[in-house]
There are 2 protein chains.
Amino acid sequence: MTVFRTFAGAVLAALFATAAVAPAWADEGMWTFDNFPAAKVQSDYGVKIDKPWLDRVQAAAVRIPGCSASLVSKAGLVLTNNHCVVDCTKALSKAGQDYVKDGFLTDARSDEGKCPGMTAEVLISITDVTGQIKAAGEGKVGAAYVQAKEAAQAVAEKTICNDVPGRRCQTISFYRGGQYKVYMYRRYTDVRLVFAPEFDIAFFGGDPDNFNFPRFDLDSAFLRLYDGDKPAATPQFLKWNPNAPAEGSMTFVAGNPGSTDRLLTVSQLETLRDLGIPIGQLQRSELRGRLIQFGEQGPEQKRIANEPLFGLENSFKVYFGRQMVLNDKAFMDAKRAAEAELRAKVAADPKLSAEIGDPWADIAAAQKAYADNFLVYRQLESEAGRGSRLFGWARTLVRAGQERAKPDAERMSDYAEVRLPLEAKRLLDPRPVDPQIETLQMEHWLLKTREYLTVDAPAVKTILGKDSPDALAARLVAGSKLADPAVRKALWDGGLAAVMASDDPMIQFVLKTDPDARAVRTIWESSVSGPTDRAAGKIAQARFAVYGESVYPDATFSLRLSYGKVAGWSYRGADVPAFTRIGGLWDRATGQEPFALPQRWIDAKDKLNPDTVFDFVSTNDIIGGNSGSPVINAKGEVIGAAFDGNIHSLGGAYGYDGRVNRTVVVSTAAITEALTKVYGRTALVQELLGK
Amino acid sequence: MTVFRTFAGAVLAALFATAAVAPAWADEGMWTFDNFPAAKVQSDYGVKIDKPWLDRVQAAAVRIPGCSASLVSKAGLVLTNNHCVVDCTKALSKAGQDYVKDGFLTDARSDEGKCPGMTAEVLISITDVTGQIKAAGEGKVGAAYVQAKEAAQAVAEKTICNDVPGRRCQTISFYRGGQYKVYMYRRYTDVRLVFAPEFDIAFFGGDPDNFNFPRFDLDSAFLRLYDGDKPAATPQFLKWNPNAPAEGSMTFVAGNPGSTDRLLTVSQLETLRDLGIPIGQLQRSELRGRLIQFGEQGPEQKRIANEPLFGLENSFKVYFGRQMVLNDKAFMDAKRAAEAELRAKVAADPKLSAEIGDPWADIAAAQKAYADNFLVYRQLESEAGRGSRLFGWARTLVRAGQERAKPDAERMSDYAEVRLPLEAKRLLDPRPVDPQIETLQMEHWLLKTREYLTVDAPAVKTILGKDSPDALAARLVAGSKLADPAVRKALWDGGLAAVMASDDPMIQFVLKTDPDARAVRTIWESSVSGPTDRAAGKIAQARFAVYGESVYPDATFSLRLSYGKVAGWSYRGADVPAFTRIGGLWDRATGQEPFALPQRWIDAKDKLNPDTVFDFVSTNDIIGGNSGSPVINAKGEVIGAAFDGNIHSLGGAYGYDGRVNRTVVVSTAAITEALTKVYGRTALVQELLGK
C-alpha cells in the first residue's frame, strides 16, 4: 500500500557513495504532527512553527491510496502526482480516447470524472491510546496477546469515531509497539479527476531518469473531493504560490511516508545485504529482461508488458539503491556504532536491562533461521506465483476454503472473520488478466523455483511432476477460468467443498502444492518473523526509554511532517544544481521514447518562459508513500508536489544522509505555466490563484 | 581460454554455507608436476607417488583449447568431455545430419572426422628460467621492463624448443612473477573426432543440474591424434579401468586449471563482492531473461538463442557461487587471518619488509580508484558491445588501424607487431553472425550503459545522440557489412585510411565513441590495474620468501596434479552420496527438456545394468579448464573424466574447502557400459581395454 510509484531516471553511477548515519543530521526525520521538533527548527532556521501553522497544514494534508496529496482551494481541489491517479485516468479512458497518453482536461466541473474506488482522507485528530492497548495485552502471550490487543484497538477506534458517518479511525503503532495512537480521518469516497497531463510529460525520461536529477517531469494532477454530489467545502487549504522558491529557502513536506527500516539491527541489515536483496534483484533482473524482450515483439505486446515492467523497474532501482548503501562500509560502521551506543546505555541501566533482556542476540539467532529457510520460504510462500493473478486468486480460494472451516481463533490471520470482507473484495473485484503475461510470470516463477531449490527438492517434484516449467505454466493459465469474477464468486460462496470439487487446473495445482508452502510458512513464523517481532518490540522499548521522543518513529504510512530547504548537492566533486528550468526540456527531448514530448508541448514551445523553474530538489526526508505530498514554504503556501527522491535517497530506507539525500519536486511555477500556456486551463488557474 | 564450460544442474540452496579457508585443508592444491607434495600424500593416504608415476601421467595428459584430456590407447585415442568437442561436432554436421543432437559415431578409423582448428599438446619438459627472466628485467621500469622480460622469454623458448617441428614452448609465470618456467609441448594439429554422444545425455539435466549433484551426464567424447595422416603412436597412455572406484579410494586429476584468485588481498575480494560481481550478475540476469524470452518465440529462435544462453547461464552460476562465498563472513574472516599472518611474518623480517614495502596498502588504494571508475570502465571498455561480434570486429579494425600507424613501442599491447598475426586470425576467421542476436545484445549493452552511466553522462550522449537504444542497435547491425570476412579483410589490409573512409555504420560508431573508451582505459591502467599488478608481484615475492614452495601457485591453464579421494559430502545434516547409478537415470527423466533422453537410451533401457556407477564425486581441487581431465587411481589407471564441480566448488576461485568442495566425474564404468550396450561401439571398447 505504500509503493513509491515514482514513475520518473538514474544516477546509479552516483551511488557508490560513502554515506553515513551521523546521529544528528540536519533536516532528518519524518515527524508526527503531535511531536514536531519546532524548537530545533527555530534554532536551525530561525523559522517559528506554531500550533496554528501545524493545524492548518494538517487540515489541508490528504491521504489517497498509496500516495499523498493536499487541498489547494476552498472547493475541494486537490493537488497530487500524475502517477498517483493513473489508475483513474485509465479507468476513465474509453475506446479511441486514451487519457493516459493524451492527458485528461476538463472545461467545466461537469466534465470532472469520478475515480472508481478512489478515497481521500484528511486527519482530524490524534488520540494517544497507548495505556489501554498495552494494558489489554498484559499477562497474555502468543495468539491470545495479539487477539487481546487487536480487540482493544477495535474498541478504541469505535469509541473515538463514535459511528459518525464519513469518519474513519485507525490505530497506528509507533516505535514498533512503543506507542499506539488512534488517527481519526474525515473520509471522502467521491473523488473526481480534474486534470492529468500526458504520461509522456509527467514521466518524461522514463526509467532512465527515474530517481535521477536533473529532471523535467510535470508529475502532477488535480482531483476534486465531492460531498453530496457537490464540490466539498474545504475552507482549510494551502495557498497556491505560483513562484518558485529561492535556493536555500525553507521547505516542509506533509505526507504519508510508507515504510522505513531505520530501526533494524545490524544483523538484520547484514542478512538483507547478503541474501534477501541480492536474490530478489537477480530474479527481478531476469524477469525484467523477459518483459523487455516480450514487449519488443510488437506494439500490442509492448502495451501489455509496460505495466508490470514499470513496477518491476521501479522496484529494481529501489533495491539497487538499498543494496549499495548496505554495501557501504562507512554506512554499516555508523549503524554498528549507533547500535553499540544504545546497547551500552541499556547495559548501564540494570532495571531496563532486566526488563528487555538481550533482544539483539535473539534477532541475530533468528538470522540463522532466516538464512536456512529463506530460499524455500521465498519461492514457495512469500513470492509464490508472483505476478500471476490467477495463481493469487486460486491460493486465496483454497486457503479461504480451508480456513473458514476452522474456528476463528485457529485461522491464518488473513482469514479471520473480521478480515474476510477485505479478502472477498480483493478476490471478487474485476481485474483484467492477460494470459501471455500470466504465463510468462508463472513460467519465470517455476523456472527460478527449480533453479534455486533444485530439481531434487521434494517440493519441486510436487510442483513440476514430469512437466517442464513452460509446459506447466501454459497448461495452468490456458485451462483456468478464474479470470471470470463469477467463477471466483461461485468458488468463494461454495467454500471448501466447491474448491475441492473444482476441475480448474490452477485450483488443483494450489491444492496439490500448498501444503509445502504452509509448512515453510509455519517454520518461518515460529523461527524467523515471530522471534524477530518480539525482539524488535523490546528494542523499541529500550530506545524509547533511552532517547524518549527525541527520535522519530519509523514510517507507517501515516501523516508526517519533514523540514528542510531547497538545495542541490555535491558528489565526487560534481555539483548538481537545485533547479531545472523549462528551457532545458528542449535539449533533453530526442523525439524517441522515453524522451519524446507530447504534441501540445512541441506546439507551445515558443509561448513558454524558458526560465521558469520546472523541478527542484530539497533536503526533506521522505520515502515511498510521500508521492504527491505538498511541498510548503515557511508561510504555509504550497510551492510544489514531491514526486521522487534522488538516487541517494534510496538508502533512506535504512538511514538519512543530509549531504546527498534529496526530495524531487515539481514546482507550482511549472504547473501554473503549463496550465496556462500548454493546456489553456484558465478556470483552473483562477481557482488556484483564489480569483 | 579457460572457460569451464561444464554444460552440465544447481544446488544453489546449498550455497549458503559456512565455508572456511583453513591453512591446510586435506587434498587442497593444484600442484605442478615438478613440485608435487608426494611426502604429504604418502603420509595422508599411504600411497607412494614416485617420479616414474608422475612421468607416465604427465606423458598421457593432453591440453586442448580451453580444456583438458588424456591419452587412453597406444594409437592416439584421447578421452575428454563432450562439451569440450561440441564445436568440432557442430563443424562436422551437415544439412540433415545434426551430430550434436544425434551423436557422432564411427565404425572405422576412416570415419573419424578432422576437427577444424583443434590442437592437442602433451607436456614434454619443464625448464626453470626464473634467473634469466628476472635478470633481463633488472634495473628497468615500465614498458622497458615488460619489453625486456618478454624478449628474454622469447629467447628462452627459442633456445629450448630449438625449432624442432611439432614442438611448442611457452613461458609460464607462477606465483604471479615469483617463478618463470618454460613448458615444452609436443603439439598435434591433426585431431579427429572418434565418438561423441547425444547432447541430451551428455548434458542431461541442462542448466538446472549444472554444478549440481546427483548427476547423470555422459559428458565424455573421444578424439584421436594423427601424425602424418596416421593415428599417432602414443606408447605412454593411461590404462583404461572399466570398473568404478570404491568410496574412499584415492583419486588424482591431471589437467589444466584455468585461473584462480586465491592470492587476492582482502580489499580486492571486498571490491569484487560489493561491486564487481553484483553489477555483472544483474546485467547478466537481465540479458538471460531476454534470451530465454527470445527463444520462446519459436524453434528457430530457440536454436539461435541457445548458444549464447548456455554460456551466460554457466557464467551466472559461476559468479553466483563466487558471490555467496564472498558474502560468507567466516570465509572472509579466514582470508583476513591468513593475510594478517603473512603481513606479520613480513614485518618480522626487516630485509624483506624493506624490499617489498606495503603492497597491501597500495592495492587498497587502487580499490578506491576501482570503485570510482568501474562502471564507466566496464560499460565503455571491458564489456563494451559484449556479445556483438560486429562491434568487436569494428573495434579491432579501428584500433588496429590507429595503432599500426604508430611505432611498435607506442602501441596498445594487443597491437604490437608480434601479436598482429593472432589478432588478424581472430578478425578474419569466418564466424557466423545472427543479426537478431547481435541486435539484442547491442541493445542490451546500450540500455544498460544509459542506465548505469545516466543520460547526462557526456559519453552516453556521444553514444546515443538522439537515438534510442533499440533504434540505434537495429540501425548499426542492419547496416553493417562486417559479417563478410572479405569486407573485414579489405579494411584490415587497407589500414587506417580504409577504416576512416568506410561508411559501415558500426565502423563509424566505433570511430565516434572509441575515444571515451580509450580515455577510461588509460585511467584504469594507470590507477587500477597497473598499481595492482605491481603490488601483487611484491606480495607474491613476500609469500614465496615466507612459505617457499610449500604453497602451490594460482592456476594458469598449465598442467597440474590434484590428489583426493572418492567421497560424498554432508551439508546441513543432509548427506550427498558419492555415486549415481545408471538405474537412477530413468527416475530423473521426464521426457521434457532438459530431462529428455535420446531414443537410443530409451531403447537400451532393459539391456543396461542399473547398478553401474554413472557419475561420482571426489575431493580433488579443480576449476574451469580442468574439464575433460583424466581421473586416475593410485595405480595410474583412468577411472573417469572430470566434467564439473559441485556448487560448493565455485568458491574455489578464492579458496578450497575440503568439507564440501567436490569434483564431478563421469565414470569409465558408465562410458564402457554405454559404448557397449547403447552405442554398440565394440571396436572402440576393445581398443580401450587393450585387446
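Residues numbered from 1 in each chain as written. Chains lettered and ligands numbered in written order. Predicted model: local features only at pLDDT ≥ 70, side-chain atom pairs only at ≥ 80, totals over all residues.

- For chain A, an unreviewed UniProt entry supplies the name Dipeptidyl-peptidase and the organism Caulobacter ginsengisoli.
- Of the comments in the UniProt record for chain A, the one headed Function (unreviewed entry) reads "Catalyzes the removal of dipeptides from the N-terminus of oligopeptides." (UniProt positions renumbered as here; feature names shortened; annotations may be inferred.)

## A word on the overall build of chain A
Phase 1: When helices and strands are tallied, chain A shows 24 helices and 19 strands.
Phase 2: Radius of gyration (C-alpha) of chain A: 25 Å, near the 26 Å computed for a compact globule of 691 residues.
Phase 3: For chain A, the spread of C-alpha atoms along the three principal axes comes to 70 × 65 × 55 Å.
Phase 4: Looking at the 691 residues of chain A, the share that counts as buried comes to 50%. (Helix = DSSP H or I, 4+ residues; strand = E, 2+ residues; numbered from the N terminus. Rg over C-alpha atoms; globule rule 2.2 N^0.38 Å. Buried ≥ 20, exposed ≤ 12 C-beta atoms within 10 Å, placed from the backbone.)

## Quick word on the sheet that holds strand 19 (residues 663-667) of chain A
Residue and element names in this part refer to chain A.
Phase 1: Spatial strand order, 12-11-17-18-19-16-15: seven strands in an open sheet with antiparallel pairing. At either margin of the open sheet sits one strand with a lone partner, and together these are strand 12 (560-565) and strand 15 (579-581). Between one strand and the next, the sheet's axes are offset by a mean angle of 30°, whatever the strand orientation.
Phase 2: Examined bridge by bridge, strand 17 (residues 630-632) and strand 18 (residues 638-645) share three bridges and lie antiparallel to one another. Counterpart to Pro630 in the pairing with strand 18 is Ala641. (Pairing = 2+ DSSP bridges. Axes fitted to C-alpha atoms, helices over the stretch in contact; angles between N-to-C directions.)

## Regarding the sheet that holds strand 16 (residues 613-618) of chain B
All names here are of chain B.
Phase 1: Spatially, 12-11-17-18-19-16-15 is the arrangement adopted by the seven strands of the open sheet, whose pairing is antiparallel. Both outer strands of the open sheet, strand 12 (560-565) and strand 15 (579-581), are each paired with one neighbouring strand and no more. Here the strands of the sheet are splayed against their neighbours by 30° on average, with no regard to which way each runs.
Phase 2: Those strands touched by helix 23 (residues 668-677) are strand 16, strand 18 (638-645) and strand 19 (663-667), and its axis lies near 35° from that of strand 19. (Contact = placed C-beta atoms within 7 Å.)

## Let's talk about the relation of the copies chain B and chain A
Phase 1: Superposition record for chain B on chain A: RMSD 0.1 Å, screw rotation 180°, translation along axis 0.0 Å. Look at the turn and shift together and you get a two-fold axis relating the two.
Phase 2: When the interface residues of chain B are mapped onto chain A, 100% of them are again interface residues, pointing to one common binding face. (Least-squares fit on C-alpha atoms with pLDDT ≥ 70 in both.)

## A short note on the interface of chain B and chain A
Phase 1: Facing the 42 residues of chain B at the interface are 43 residues of chain A.
Phase 2: When contributions to the side of chain B that touches chain A are tallied by element, the ones reaching two or more residues are helix 8 (206-209), helix 9 (266-295), helix 13 (359-382) and helix 16 (435-453) of chain B.
Phase 3: Class assignment of the residues belonging to the side of chain B that touches chain A gives a composition of 18 nonpolar, 13 polar and eleven charged. (Nonpolar A, V, L, I, M, F, W, Y, C, P; charged D, E, K, R; others polar.)

## Looking at the pairing of strand 19 of chain B
Residues and elements named next belong to chain B.
Phase 1: Taken across its five residues, strand 19 has five buried, putting it largely inside the fold.
Phase 2: Here strand 19 shows no split at all, with Thr663, Val665 and Ser667 on one side and Val664 and Val666 on the other all buried.
Phase 3: Note that strand 16 and strand 19 share four bridges and pair antiparallel. Residue Val617 lies in a different strand from strand 19, and its bridge partner there is Val664.

## Things to note about the nonpolar core
Residue and element names in this part refer to chain B.
Phase 1: Ranked by size, the top nonpolar core spans 129 residues in total, and within it Val72, Val78, Val85, Leu193, Phe222 and Ala670 carry the most contacts.
Phase 2: Ranked by residue count, the leading element in this core is helix 10 (residues 299-326), at nine residues.
Phase 3: Taken domain by domain, the makeup of this core includes at least three residues from each of domain 1 (12-119 + 189-261 + 554-688) and domain 2 (266-542).
Phase 4: For Val85, the contacting residues outside a window of four places in its chain are Thr80, Cys115, Leu193, Ala196, Ala221 and Leu223. (Core = buried A, V, L, I, M, F, W, Y, C linked by C-beta atoms within 7 Å. Domains from an automatic or database assignment.)

## What about helix 14 (residues 389-404) of chain B?
What sets the pattern is the α-helix's 3.6 residues per turn: residues three or four places apart point alike.
Residue and element names in this part refer to chain B.
Phase 1: Taking 1.5 Å as the rise per residue, helix 14 with 16 residues should run 22 Å; its terminal C-alpha atoms sit 22 Å apart, in good agreement.
Phase 2: Among the residues of helix 14, Leu390, Phe391, Trp393, Ala394, Arg395, Thr396, Leu397, Val398, Arg399, Ala400 and Gly401 are the ones counted as buried.
Phase 3: Buried positions along helix 14 lie against helix 15 (420-428), helix 16, helix 18 (469-479), helix 19 (485-501) and helix 20 (505-547). (Expected span 1.5 Å × (residues − 1).)

## Quick look at the confidence of the model for chain A
Interpreting fine coordinate detail is not advised for predicted regions of low pLDDT.
Residue and element names in this part refer to chain A.
Phase 1: With 95% of its residues at a pLDDT of 70 or more, chain A has an overall mean of 92.
Phase 2: For residues 1-24, every residue scores under 50 in pLDDT, and the model assigns this stretch 100 contacts once sequence neighbours within four places are set aside.
Phase 3: Reported confidences for the modelled complex are a pTM of 0.92 and an ipTM of 0.91. (pLDDT = per-residue confidence, 0-100.)

## Thoughts on the packing of helix 11 (residues 329-347) of chain A against helix 20 (residues 505-547) of chain A
Between two packed helices, the angle of one axis relative to the other and the distance separating the axes together describe the packing.
All names here are of chain A.
Phase 1: It is at 10 Å that the axes of helix 11 and helix 20 come closest, and there the two elements cross at 80°. The angle between the axes of helix 11 and helix 20 places the two elements in the roughly perpendicular class. For the pair formed by helix 11 and helix 20, the contact residues are Leu342, Lys345 and Val346 on the first element and Ala542, Arg543 and Val546 on the second.
Phase 2: For the contact of helix 11 with helix 20, the per-class residue count stands at four nonpolar, no polar and two charged. (Parallel < 35°, antiparallel > 145°, perpendicular 65-115°, else oblique.)

## Brief notes about the pairing of strand 1 (residues 61-64) of chain A
Residue and element names in this part refer to chain A.
Phase 1: Side-chain alternation along strand 1 places Ala61 and Arg63 on one buried face and Val62 and Ile64 on a second face that is also buried.
Phase 2: Pairing of strand 1 with strand 2 (residues 67-71) involves four bridges; the strand directions are antiparallel. The residue of strand 2 that forms the bridge with Ile64 is Cys67.
Phase 3: The antiparallel pairing of strand 1 with strand 2 creates a hairpin that spans two residues between the two strands, and Gly66 there sits at a positive phi of about 75°.

## Focus on the packing of helix 14 (residues 389-404) of chain A against helix 19 (residues 485-501) of chain A
Residues and elements named next belong to chain A.
Phase 1: Between helix 14 and helix 19, the shortest axis-to-axis distance is 8 Å and the interhelical angle comes to 50°. The orientation of helix 14 with respect to helix 19, classified from their angle, is oblique. Read as a crossing pair, helix 14 and helix 19 show a hand that is right-handed. Facing helix 14, whose interface residues are Trp393, Leu397, Val398, Ala400, Gly401, Gln402 and Arg404, helix 19 presents Arg488, Leu491, Trp492, Gly495, Leu496 and Val499.
Phase 2: Considering only residue class, the contact of helix 14 with helix 19 consists of eight nonpolar, three polar and two charged. (Left-handed = near helix turned anticlockwise from the far one by under 90°.)

## With respect to the environment of Gln599(B)
All names here are of chain B.
Phase 1: Position of Gln599 among the secondary structure elements: in helix 22 (residues 599-604).
Phase 2: Look at Gln599 and you get exposed, because 11 C-beta atoms sit within 10 Å.
Phase 3: Along the chain, Gln599 and Asp102 lie 497 residues apart, while their C-alpha atoms are 9.3 Å from each other.

## So, the environment of Arg662(A)
Residues and elements named next belong to chain A.
Phase 1: For Arg662, the location among the structural elements is in the loop between strand 18 and strand 19.
Phase 2: Among the residues examined, Arg662 registers 29 C-beta atoms within 10 Å and is labelled buried.
Phase 3: Once the C-alpha coordinates of Arg662 and Leu446 are considered, the two residues, 216 residues apart in sequence, prove to be 39 Å apart.

## Here's the deal with the environment of Glu313(A)
Residue and element names in this part refer to chain A.
Phase 1: When you line up the elements, Glu313 lands in helix 10 (residues 299-326).
Phase 2: Residues Glu313 and Asn210, spaced 103 residues apart in sequence, show a C-alpha to C-alpha distance of 9.2 Å.
Phase 3: If near-sequence neighbours (up to four positions away) are discounted, Glu313 is found in contact with Asp207 and Arg288.

## Points about unusual backbone geometry
Phase 1: Cis peptide bonds are those with omega within 30 degrees of zero, and the linkage from Phe213(A) to Pro214(A) qualifies with 10°.
Phase 2: Of note, Pro214(A) is situated in the loop between helix 8 (206-209) and strand 9 (221-227).
Phase 3: In the Ramachandran plot, Phe557(B) falls in the positive-phi region, its phi being about 50° despite a non-glycine side chain.
Phase 4: Within the fold, Phe557(B) resides in the loop between helix 20 and strand 12.
Phase 5: Its identity as a non-glycine residue notwithstanding, Arg572(B) has a phi of 50°, on the positive side.
Phase 6: Within the secondary structure layout, Arg572(B) lies in the loop between strand 13 (569-571) and strand 14 (574-576).
Phase 7: Residue class for Arg572(B) comes out exposed when judged on the 10 C-beta atoms lying within 10 Å of it.

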